[in-house]
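Examination of the molecular architecture
The lines below spell out each chain.
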Amino acid sequence: MHESQDRKIIHIDADCFFAAVEIRENPKLVGRPVAVGGSPERRGVIATCNYEARQFGVHSAMASAKALQLCPGLIILKPRMSLYQQVSQQLRMIFFEYTDRVEPLSLDEAYLDVSLSQLCRGSATLIAQAIRQKVWEREQLTVSAGVAPNKFLAKIASDWQKPDGLFVISPEQINDFILKLPVAKLPGVGKVTAKKMHQLGVASCEDLQQVSTAKLKQHFGVFGERLYLLARGIDQRPVQPLRRRKSLSVEHTFSQDLPDLAAVQQSMPSLYEALCKRLERSLDEGYEMNKRFVKLKFSDFTQTTYEERWLAHDTSQLSVAAFQSLAEYAFKRGEGKAVRLIGIGVGLRDRSQDCGEQLVLF
Ligand code: TTP
Ligand code: MG
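Since the model is a prediction, treat every value here as computed from it, not as a measurement. (Residues numbered from 1 in each chain as written. Chains lettered and ligands numbered in written order. Predicted model: local features only at pLDDT ≥ 70, side-chain atom pairs only at ≥ 80, totals over all residues. Heavy atoms only, no water.)

**Some remarks on the site of ligand 1**
The immediate surroundings of ligand 1 are formed by 13 residues, with Cys16, Thr48, Tyr51, Arg54 and Asp108 found nearest. Within the side chain of Asp13, one N or O atom sits 3.1 Å away from an oxygen atom of ligand 1. A distance of 2.8 Å separates an oxygen atom of ligand 1 from a polar atom in the backbone of Cys16. Relative to its free-state accessible area of 560 Å², ligand 1 is covered by the protein chains to the extent of 67%. Put simply, the parts of the chain that give the shell around ligand 1 at least two residues each are strand 1 (9-14), helix 1 (17-25), strand 3 (46-49) and helix 2 (51-54). Partitioning the shell around ligand 1 into residue classes produces 6 nonpolar, 2 polar and 5 charged. (Near = heavy atom within 4 Å. Polar contact = N/O pair within 3.5 Å; in protein donor to acceptor, adjacent residues only side chain to side chain. Areas by Shrake-Rupley, 256 points an atom, 1.4 Å probe, with all protein chains shown as cover. Helix = DSSP H or I, 4+ residues; strand = E, 2+ residues; numbered from the N terminus. Nonpolar A, V, L, I, M, F, W, Y, C, P; charged D, E, K, R; others polar.)

**Section: the sheet that holds strand 3**
Spatial ordering of the open sheet is given by 3-2-4, a layout of 3 strands whose pairing is mixed. Single-partner strands in this sheet number two, and they are strand 3 and strand 4 (75-77). Direction aside, the axes of adjacent strands within the sheet are offset by 30° on average. The sheet contact formed by strand 2 (residues 34-37) and strand 3 spans 3 bridges and is antiparallel. Along strand 3, the bridge assignment pairs Gly37 with Ile46. (Pairing = 2+ DSSP bridges. Axes fitted to C-alpha atoms, helices over the stretch in contact; angles between N-to-C directions.)

**Topic: the pattern of salt bridges**
Per the stated rule, a full pass over the model turns up 19 salt bridges. With a closest N to O distance of 3.5 Å, Asp235 and Arg226 form a salt bridge. Accessibility expressed as a relative area gives 1% for Asp235, which makes it buried. On the basis of relative accessible area, Arg226 is assigned to the partly exposed category, the value being 26%. Lys295 serves as the salt-bridge partner of Glu251, at 3.0 Å between the closest nitrogen and oxygen. On the criterion of sequence distance, the pair formed by Glu251 in strand 9 (residues 247-258) and Lys295 in strand 10 (residues 287-298) is long-range, its members being 44 residues apart. (Salt bridge = Lys/Arg side-chain N within 4 Å of Asp/Glu carboxyl O. Buried < 20%, exposed > 50% of the residue type's maximum accessible area, 1.4 Å probe, protein only.)

**Brief notes about the nonpolar core**
Judged by nonpolar contacts, the single largest core of 31 residues is most densely connected at Leu318, Phe323, Ile342 and Ile344. Dropping the residues within four chain positions of it, Phe323 is found in contact with Met268, Tyr272, Leu275, Arg292, Phe293, Val294, Leu318, Ile344, Gly345 and Val346. Formed by 30 residues, the second largest nonpolar core is a distinct cluster that contains Val21, Tyr98, Val114 and Ile127. (Core = buried A, V, L, I, M, F, W, Y, C linked by side-chain atoms within 4.5 Å. Contact = heavy atoms within 4.5 Å.)

**Things to note about the coordination of the magnesium ion (ligand 2)**
The coordination sphere of the magnesium ion (ligand 2) contains the protein donors Asp13 (OD), Ala14 (O) and Asp108 (OD), at a distance range of 2.0 to 2.3 Å. Read in sequence order, the donor residues coordinating the magnesium ion (ligand 2) give the pattern D-A-x93-D. The same class applies to Asp13 and to Ala14, which are both buried. (Donors = N, O, S within 2.8 Å, 3.2 Å for Na, K, Ca; no water.)

**Here's the deal with the packing of aromatic side chains**
Taken as a whole and judged by the stated rule, the model has 8 aromatic pairs. A ring pair is formed by Phe18 and Tyr84, whose centres lie 4.3 Å apart and whose planes are at 15°; its orientation type is stacked. Of this pair, Phe18 sits in helix 1 while Tyr84 sits in helix 4 (residues 81-96), placing them 66 residues apart in sequence. A residue is classified by how much of its surface remains accessible, and Phe18, at 17% relative accessible area, is buried. Its relative accessible area of 0% is what places Tyr84 among the buried residues. A network of ring pairs unites the aromatic residues Phe17, Phe18 and Tyr84 as a single cluster. One cation-aromatic arrangement involves Arg232 over Tyr228; the distance from NZ or CZ to the ring centre is 3.7 Å. (Phe/Tyr/Trp six-rings, centres within 6.5 Å; stacked < 30°, edge-to-face > 60°. Lys NZ or Arg CZ within 6 Å of the ring centre and 35° of its normal.)

**Some details on the confidence of the model for the protein**
On average, the protein scores 91 in pLDDT, and the residues at 70 or more come to 94%. This stretch, residues 353-362, has a pLDDT under 50; its non-local contacts, to residues over four places away or in other chains, come to 17 contacts. (pLDDT = per-residue confidence, 0-100.)

**A short note on the packing of helix 1 against helix 4**
One can describe the packing of helix 1 onto helix 4 by two numbers: an axis separation of 10 Å at closest approach and a directional angle of 95°. On the basis of the axis angle, helix 1 is roughly perpendicular to helix 4. For the pair helix 1 and helix 4, the contacting residues are Phe17, Phe18, Val21, Glu22, Arg24 and Glu25 in the first and Met81, Leu83, Tyr84, Val87, Ser88 and Leu91 in the second. Here the residues of the contact of helix 1 with helix 4 sort into 8 nonpolar, 1 polar and 3 charged. (Parallel < 35°, antiparallel > 145°, perpendicular 65-115°, else oblique.)

**Section: the pairing of strand 1**
Along strand 1, 6 of the 6 residues are buried, which leaves the element largely enclosed by surrounding structure. Burial of the side chains of strand 1 extends over both faces: Ile9, His11 and Asp13 are buried on one face and Ile10, Ile12 and Ala14 on the other. With 6 bridges connecting them, strand 1 and strand 7 (residues 143-148) associate as antiparallel partners. From the neighbouring strand, His11 faces strand 7, where its bridge partner is Gly146. Two strands pair when backbone bridges link them, and strand 1 and strand 6 (residues 109-113) are joined in this way by 5 bridges, in the antiparallel orientation.

This is the structure:
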């Protein structure tokens, strides 16, 4: 199987997320061991803790009572999920400033596919660095980032220099990197599988590469095939954005209603310009346009949308005249009513869906 090595995937993972948010909200906690979790009296467990607490051996899913034994000064705070969800949204907004291809994995973790991005001179490393910088400036939180040609390596990379780290695995570095990688780092290899491998004398991916596909299948079933690829640094899973953009539009409400079609037509060029600006990035990232439309809201607040199907890949194929002609049809539907709002836009389709890779849409 051939893998395209030219994808650019970033994996972002916030550092001790819940705890970091709590510490940001209460700066008195800086430098002290802090955990978020259930109370020890009620047999609660630790959701996460900061790195100061980790030095005492405290970790996620540990009983809070045990955590307090290990670290008597530990401050355990009750989780505030809605706060973490809000912060998570803010982080995602930052990711979306760089690409629409964002696949969130949890509140504090996401994959970004920036293969087609023109930002930061097309450098995934610079984009990752810019995102880390922006998260710090806007949210006073640190996130670690991994950059690699596929998801599995990007995820390992983001963990490599945690906290507040950035680690890049370039296509040329994959082989050297993978040889030394312990098998337990592979996704899907938990304690049980790792133990089984150790019994077979396999500790690193270099060891794993020596095992034949047949033997891998014999010991690990269908997972054996994936192991064969992972041991060679290959992972073709696509980044699956949760929300695909379906359309993009701009609109304007006029301070005075437009009395006639001529006035409507005159306002088209400036709307058109605004639309083109917004469109360019989406088109860079592999979207194509499949319809265009004009929406009019009339003085009595009724509205109508007139659209036509149409295919194009870049803004040079859009024209003011096309929107003016759509506007004419829409205006006629108003039977002479004045216009208070005009919106123009295009339908968008993600061309990456044509690649044959199966994409699960949520
Ligand atoms: P993680 O990213 O796994 O952990 P983290 O962000 O706290 O720490 P790290 O610096 O190692 O990335 O999980 C994100 C959040 O999910 C975490 O802050 C709390 C929550 N969580 C739980 O509630 N229970 C768990 O067992 C784990 C692992 C996480
Ligand atoms: Mg995290």
